[in-house]
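What follows is each chain in one-letter form.
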Amino acid sequence: MSHSSQVLIINTGSSSLKFAIVDPLSGKEQLSGIGEALGSASPRMEWVHDGVEQDCRLDAGASHHSVIEILVEQILGELPVLSEELIAVGHRVVHGGEYFSSSVLIDQQVINTIDQCASLAPLHNPPALKGIRAAMDEFPQLPQVAVFDTAFHQSLPEHAYLYALPYSLYRDQRIRRYGMHGTSHQFVSERAALLLGRPLAETNTITAHLGNGASITAVQGGASVDTSMGMTPLEGLVMGTRCGDLDPGVLIHLAESLNHSTDKLKNLLNRESGLLGISELSNDCRELEQAAAQGHHGAKLALEIFCYRLAKYIAAYTLPLRHVHALVFTGGIGENSSWIRERTMHWLGALSYELDREQNEATRFGAEGPISRSGTPVALVVPTNEEWIIARDAAAIVTGGLR
Ligand code: AMP
């Protein structure tokens, strides 16, 4: 791989397509952009290159394919040097089921398998396939690589991934814990080992990815051994608008006593719960912190439940690891909210964690490093970089050097 090799990264949502061109060696982003409101009456697109922001309106109904066409013709057409440096396209794919425990070169069989996994991630895998097909059309000369959110968690032992349901549901339907945010947990656990100056194989971390979606993972010697998201991204921590852990009896009650349809339940659990649902104000942690400071009861309660649930998981994940070398905070909230970190560390006093308040306030907005007092269990802030893992994996696969 030459120093100027670049990877185009594509991350598709149901009505959006994000793209970035990233140097797999340094993680440096050369170009990034997004097409939004795709399929609607007024889709738009914006991108940044060399600090210069540009945008354009797209034709009504423009698709994922239209965004990639504009990327090729309009944006890369004016950046021939960058185009020539592209060696691969890396696609973020949410669900790889039990089929993929690492990133793979995409061929027809991989496409069929991702399609097969769509029943496990109906909101995520179908748009990923749209992105893959569009990129294959528009970049026929480039190898395409799929990087799965679930792959890092394929190392979970049976006792961590099985639900206590009839075993036939696992055997016949593959209903089990898969876990998500794998690239982020992998990136920050590797980075934490580096910061601690320890070999990855001898480092145990608990990595808390706290963003609008949130999950936590126990990583033992570089392998995920437990994680909080389940078959879907609904389980586990309190999230922006998702409920996380819930007594399944509540769903039966809502269906039977209040006649909630499955669509209504889906919406309730995915879009109306979490920080937004509790606070009745917002899913945005910043807004909630401001409101809580002004005495808003719902905001205070939402943040407190968030921290308490998080601390309980950290305590639980200490069990499989036995010795935890570092607790790692990442994601928009983990990297920036000194308030959430302080309250969580407060609960963790029972496990002898002690916060260094000054370091906690200083380590925000992209800064990295410890926020615990020396001589106490280590807590670190490590900004995540999922794009770098995708670029790195794609480059390693096309140059024949994947771990
Ligand atoms: P993400 O999904 O990783 O982009 O994270 C989004 C979440 O990070 C939102 O809840 C934001 O409010 C939160 N966030 C971003 N910046 C800050 C900040 N400075 N303080 C508190 N929360 C923040």
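What you see as residue numbers is a count from 1 along each chain, following the sequence as written. Whole-chain, interface and lining totals are the exception, using all residues; otherwise, since this is a predicted model, local features are given only for residues with pLDDT of at least 70 and side-chain atom pairs are given and counted only at 80 or more. Hydrogens are left out, water is left out, and the side-chain values use all remaining heavy atoms of the structure.

Details of the packing of helix α11 (residues 285-293) against helix α12 (residues 297-321)
Put simply, the rule reads: Each axis is a line fitted through C-alpha atoms, and for a helix only the stretch in contact is used; angles between axes span 0 to 180 degrees, taken between their N-to-C directions. Numbered from the N terminus, helices here are DSSP runs of H or I no shorter than four residues, and strands are runs of E no shorter than two. Working definition: roughly parallel below 35 degrees, roughly antiparallel above 145 degrees, roughly perpendicular at 65 to 115 degrees, and oblique for all remaining angles. It is the rotation of the near helix from the far one that decides the hand of a crossing: anticlockwise by less than a right angle makes it left-handed, clockwise makes it right-handed. Residues count as neighbours in contact if any of their non-hydrogen atoms are within 4.5 Å of one another. Only Asp, Glu, Lys and Arg are considered charged, only Ala, Val, Leu, Ile, Met, Phe, Trp, Tyr, Cys and Pro nonpolar, and every remaining residue, Gly among them, polar.
Direction vectors running N to C along α11 and α12 enclose 125 degrees, while the axes themselves pass 8 Å from each other. Considering the angle they form, α11 stands oblique to α12. The chirality of how α11 crosses α12 is left-handed. Counted together, C285, L288, E289, A291 and A292 of α11 and A299, K300, A302 and L303 of α12 form the full contact between these two elements. For the contact of α11 with α12, the residue count by class is seven nonpolar, no polar and two charged.

Points about the pairing of strand β6 (residues 86-93)
Selection rule: Relative accessibility under 20% of the residue-type maximum defines a buried residue, over 50% an exposed one, and the middle range a partly exposed one, all with a 1.4 Å probe and only protein chains included. Pairing between strands requires that DSSP locate at least two bridges from one strand to the other.
For β6, the tally of buried residues reaches six of eight residues, placing the bulk of the element in the interior. Relative to strand β8 (residues 144-148), β6 is paired through five bridges, and the arrangement is parallel. Bridging across to β8, V89 finds its partner in Q144.

Description of the sheet that holds strand β2 (residues 17-22)
The eight strands are arranged β5-β4-β3-β2-β1-β6-β8-β7 in an open sheet whose pairing can be described as mixed. Of all the strands in the sheet, the pair left with one neighbour each is β5 (52-57) and β7 (104-105). Direction of pairing for strand β1 (residues 6-12) relative to β2: antiparallel, over a ladder of six bridges. Among the inter-strand pairings, I10 is bridged to a residue of β2, identified as F19. Sheet strands touched by helix α4 (residues 125-138): β1, β6 and β8. Its angle to β6, the strand with the most contacts, is close to 165 degrees.

Quick look at unusual backbone geometry
We note that A37 has phi near 55 degrees; this positive angle belongs to a residue other than glycine. Among the structural elements, A37 can be located in the loop between β3 (29-36) and β4 (44-49). Exposure remark for A37: the relative accessible area of 22% places this residue in the partly exposed category. One non-glycine residue, R174, adopts positive backbone phi at about 60 degrees. As for its position among the elements, R174 is in the loop between α6 (167-173) and α7 (182-196). We classify R174 as partly exposed; its relative accessible area is 34%.

Comments concerning the pattern of salt bridges
Convention followed: A pair is scored as a salt bridge if a Lys or Arg side-chain nitrogen falls within 4 Å of a carboxyl oxygen belonging to Asp or Glu.
On inspection of all chains with the given rule, the structure shows 13 salt bridges. Residue R392 is joined to E190 by a salt bridge in which the shortest nitrogen-to-oxygen separation is 3.1 Å. Here R392, found in helix α16 (residues 386-398), pairs with E190, found in helix α7; they are 202 residues apart in sequence, far enough to count as distant. Since its relative accessible area comes to 25%, R392 is described here as partly exposed. Classification of E190 as partly exposed rests on a relative accessible area of 22%. Beyond isolated ion pairs, a larger network of salt bridges with shared partners links E98, R174 and R176.

Re empty space enclosed by the protein
The condition that has to hold: A 1.4 Å probe that fits but cannot get out identifies a cavity on a 1 Å grid over protein atoms alone, an open set with protein on both sides within 12 Å along at least five of seven lines counts as a pocket, and a residue lines either if it has an atom within 4 Å of a point. Grid points are joined across faces, edges and corners, and a volume is the space filled by probe spheres set on the points.
The tally for this structure, following the rule as stated, stands at one cavity of 30 Å³ or more. The wall of the largest cavity is formed by L162, Y163, L165, P166, Y167, Y170 and I175.

Some thoughts on the state of the cysteines
Here is the rule we go by: Defined by distance alone, a disulfide is two cysteine sulfur atoms within 2.5 Å.
Considering all chains together, one arrives at zero disulfides under this definition. Here C285 stays free of any disulfide, with the sulfur of C307 as its closest cysteine sulfur at 8.0 Å. Judged by relative accessible area, which is 8%, C285 ranks as buried. On the basis of relative accessibility, which here comes to 0%, the residue C307 falls in the buried class.

A few points about the UniProt feature "binding site: substrate" (unreviewed entry) in the protein chain
Filter applied, for reference: UniProt positions are given in the numbering used here, feature names are shortened, and annotations may be inferred rather than shown by experiment.
If you check UniProt for "binding site: substrate" (unreviewed entry), the listed places come out as R92 in our numbering. Ignoring anything within four residues of it in the chain, the contact list for R92 reads I10, N11, A128, V147, D149 and I390.

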